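# Examination of the molecular architecture
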Amino acid sequence: MPLSKSPLTLALATTTALTGAAAAWADGHSKELNLYSSRHYDTDERLYSDFTESTGIKINRIEGKADELIARMQAEGRNSPADILLTVDTSRLERAKNAGVLQSIDSAVLEEKIPANLQDDDNQWFGFSQRARIIFYDKTDVSAPPADYVSLADPKYKGLVCHRSSSNVYSQTLLAAIIENHGAKAAKAWAQGMVDNFARDPEGGDTDQLRGIVSGECDISVANTYYFARALRREVKGLSDDMEDIGWIFPAQDAEGAHMNLSGGGVAANAPNRKNAIAFLEYLASDKAQEYFSAGNDEFPAVPGVEVSESVAKLGQFKADEVNLSAVAKNVPEAQKIFNEVGWK
Ligand code: FE
């Protein structure tokens, strides 16, 4: 649905008038929160209704693609009704920060609950859930699967590897993390080796990489765990019937650990309902919301000690890479340069 046709847009048109003194008044008294979200999961609905139930704060939601939401917030400028931007991936959170659409906040709750490596250095964005970006392979064709990301580029896997395009944020953040963990030179050699090993030109989303393994187009790929857990839990077209042939590896368990893809958000730069916005982020860090990220969308809670759902637990225990994601985010331009240099489409 195009954003301009959304009924929520109409509801928000009145909120847009809340500027200056009116916005200051609203910050103290308003019972509303304007949420811009690019999380594309139906299950998030319950996160919002639980927040409304416990606080009385009504959520007006605008959903769209992350880059469109960021551009919209920029275009709206000081009159933007946006209170919160929720999105996925460290690269995107950093993009929002660099676009000037977020603001720094002080929250003792978030400082205490969200691990330091999952927060922006300037407190402009915070991670609330994670997904491990791991290696999947065809058990019937691959007897010795790669044990880490670097090995995916080993010439012995030539013609076997499927991967997403370099324009995708998951790809960008993974390479940015490899730069952080192994240095730019090793990262470039890895990217070149990956291109040499591709079974097909990079295409499709994470689920398509898994479908590529099922269809036999490739034998090895990389995807976020929640797509796989979802297919284990319920029917996913072209996937669920042949799941038993797909094996998975949590990479780099003897080294840095599995790369974690972050989902998070921050308070909008011109949030008219700033207090409500901070209350909402603090709610996302609560045990109840954290459990729901796992139960509703097969993610890993960002807050340590919160239990994962049954379908996520089925994937097994593993060591997560705890690299500082704020540092990783700063490597994204370098990652993009490497992608261009090695011709990763
Ligand atoms: Fe995703």
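Everything quoted here is computed from the prediction, not taken from an experiment. (Residues numbered from 1 in each chain as written. Predicted model: local features only at pLDDT ≥ 70, side-chain atom pairs only at ≥ 80, totals over all residues. Heavy atoms only, no water.)

## A few points about the state of the cysteines
Per the counting criterion, the structure on display carries 1 disulfide. A sulfur-sulfur distance of 2.3 Å marks the disulfide that ties C162 to C218. Looking down the S-S bond of the C162 and C218 bridge, the torsion is -110°, so its handedness is left-handed. Of the two residues, C162 sits in the loop between β4 (126–138) and α7 (169–182) while C218 sits in the loop between α9 (206–215) and β5 (220–224), which places them 56 residues apart along the sequence. The pair formed by C162 and C218 is uniform in burial state, with each residue classed as buried. (Disulfide = S-S within 2.5 Å. Helix = DSSP H or I, 4+ residues; strand = E, 2+ residues; numbered from the N terminus. Buried < 20%, exposed > 50% of the residue type's maximum accessible area, 1.4 Å probe, protein only.)

## A few points about the nonpolar core
In this structure, I84, F128, W190, F280, L281 and L284 are the most contacted members of the largest nonpolar core, which totals 102 residues. Looking at this core, the element that brings in the most residues is α7, giving 8 residues. Residues lining this core come from more than one domain, with at least three contributed by each of domain 1 (20–129 + 260–309) and domain 2 (131–259 + 318–342). Those residues in contact with L284 that sit more than four places away from it in its chain are L47, L86, F128, A289, Q290 and F293. (Core = buried A, V, L, I, M, F, W, Y, C linked by side-chain atoms within 4.5 Å. Domains from an automatic or database assignment. Contact = heavy atoms within 4.5 Å.)

## Focus on helix α8 (residues 184–197)
Its 14 residues give α8 an end-to-end C-alpha distance of 20 Å, which sits within 8% of 20 Å, the value for a rise of 1.5 Å per residue. Along α8, the positions that sit buried rather than exposed are A187, W190, A191, G193, M194 and N197. Looking down the long axis of α8, one finds its buried residues gathered within 165° of arc, a one-sided arrangement. α8 presents K185 and A189 as exposed residues on the side facing more than 90 degrees away from its buried surface. (Expected span 1.5 Å × (residues − 1). Arc of directions from axis to C-beta.)

## A closer look at the packing of aromatic side chains
Under the defined criterion, the tally for this structure stands at 13 aromatic pairs. An angle of 35° between the planes, with centres 6.2 Å apart, marks the rings of Y48 and F280 as tilted. One end of the pair, Y48, is in helix α3 (residues 44–55); the other, F280, is in helix α11 (residues 274–284), and 232 residues separate them in sequence. The same class applies to Y48 and to F280, which are both buried. An angle of 70° between the planes, with centres 4.8 Å apart, marks the rings of F339 and W344 as edge-to-face. Accessibility classification places F339 together with W344 in one group, the buried group. (Phe/Tyr/Trp six-rings, centres within 6.5 Å; stacked < 30°, edge-to-face > 60°.)

## Some details on the packing of α3 against helix α12 (residues 287–297)
α12 packs onto α3 with a crossing angle of 165° between their chain directions and a minimal axis gap of 10 Å. Relative to α12, the element α3 is oriented roughly antiparallel. Between α3 and α12 lies a crossing of right-handed hand. In contact with R46, L47 and D50 of α3, α12 contributes K288, A289, Y292 and F293. Residue composition of the contact of α3 with α12, grouped by class: 4 nonpolar, no polar and 3 charged. (Axes fitted to C-alpha atoms, helices over the stretch in contact; angles between N-to-C directions. Parallel < 35°, antiparallel > 145°, perpendicular 65-115°, else oblique. Left-handed = near helix turned anticlockwise from the far one by under 90°. Nonpolar A, V, L, I, M, F, W, Y, C, P; charged D, E, K, R; others polar.)

## Quick look at the coordination of the iron ion
For a metal with four donors in a tetrahedral arrangement, the ideal angle between donors is 109.5 degrees, while six donors in an octahedron ideally sit at 90 or 180 degrees. The protein atoms that coordinate the iron ion are Y170 (OH), Y226 (OH) and Y227 (OH), at distances of 1.8 to 2.1 Å. Motif for the iron ion, donor spacing along one chain: Y-x55-Y-Y. In this pair, Y170 sits in helix α7 while Y227 sits in helix α10 (residues 225–233), placing the two residues 57 residues apart along the sequence. Taking relative accessible area as the criterion, Y227 reaches 9% and is therefore assigned buried. (Donors = N, O, S within 2.8 Å, 3.2 Å for Na, K, Ca; no water.)

## Description of α10
For an α-helix, the turn length of 3.6 residues means that residues three or four places apart are oriented alike. Within α10, 7 of the 9 residues are buried, leaving the element largely enclosed by the surrounding structure. Among all positions in α10, only T225, Y226, Y227, F228, A229, R230 and A231 are buried.

## Regarding the domain arrangement of the chain
One frequent convention defines the size of an interface as the accessible area lost when the parts assemble. The domain architecture assigned to the chain consists of domain 1 (20–129 + 260–309) and domain 2 (131–259 + 318–342). Between domain 1 and domain 2, the C-alpha centre-to-centre distance is 28 Å. Contacts between domain 1 and domain 2 engage 27 residues on the former and 26 residues on the latter. Of the roughly 2200 Å² buried between domain 1 and domain 2 on both sides combined, carbon and sulfur atoms contribute 50%. Of all residues in domain 1, the largest losses of buried area upon contact with domain 2 belong to M260, N261 and D298, amounting jointly to 34% of the total for that side. If you look at where domain 1 meets domain 2, you find 3 salt bridges. Measuring nitrogen to oxygen at the nearest pair gives 3.6 Å for the salt bridge that ties E94 to K330. For the pair domain 1 and domain 2, the number of links is 13 residue pairs in polar contact (both at pLDDT 80 or more). For the side of domain 1 that touches domain 2, the secondary-structure elements that each account for two or more residues are α5 (90–98), β7 (259–267) and α12. Element by element, the count of residues in the side of domain 1 that touches domain 2 is highest for α5, at 6 residues. Residues that form the side of domain 1 that touches domain 2 fall into these classes: 9 nonpolar, 9 polar and 9 charged. (Buried area = accessible area lost by both parts, 1.4 Å probe. Salt bridge = Lys/Arg side-chain N within 4 Å of Asp/Glu carboxyl O. Polar contact = N/O pair within 3.5 Å; in protein donor to acceptor, adjacent residues only side chain to side chain.)

## Notes on the pattern of salt bridges
Throughout the structure, instances matching the rule amount to 21 salt bridges. We note a salt bridge from D50 to R46, for which the minimum N-O separation is 3.9 Å. Taken together, the residues D50 and R46, both in helix α3 and 4 residues apart, mark about one turn of the helix. What makes D50 buried here is its relative accessible area of 13%. A relative accessible area of 44% places R46 in the partly exposed class.

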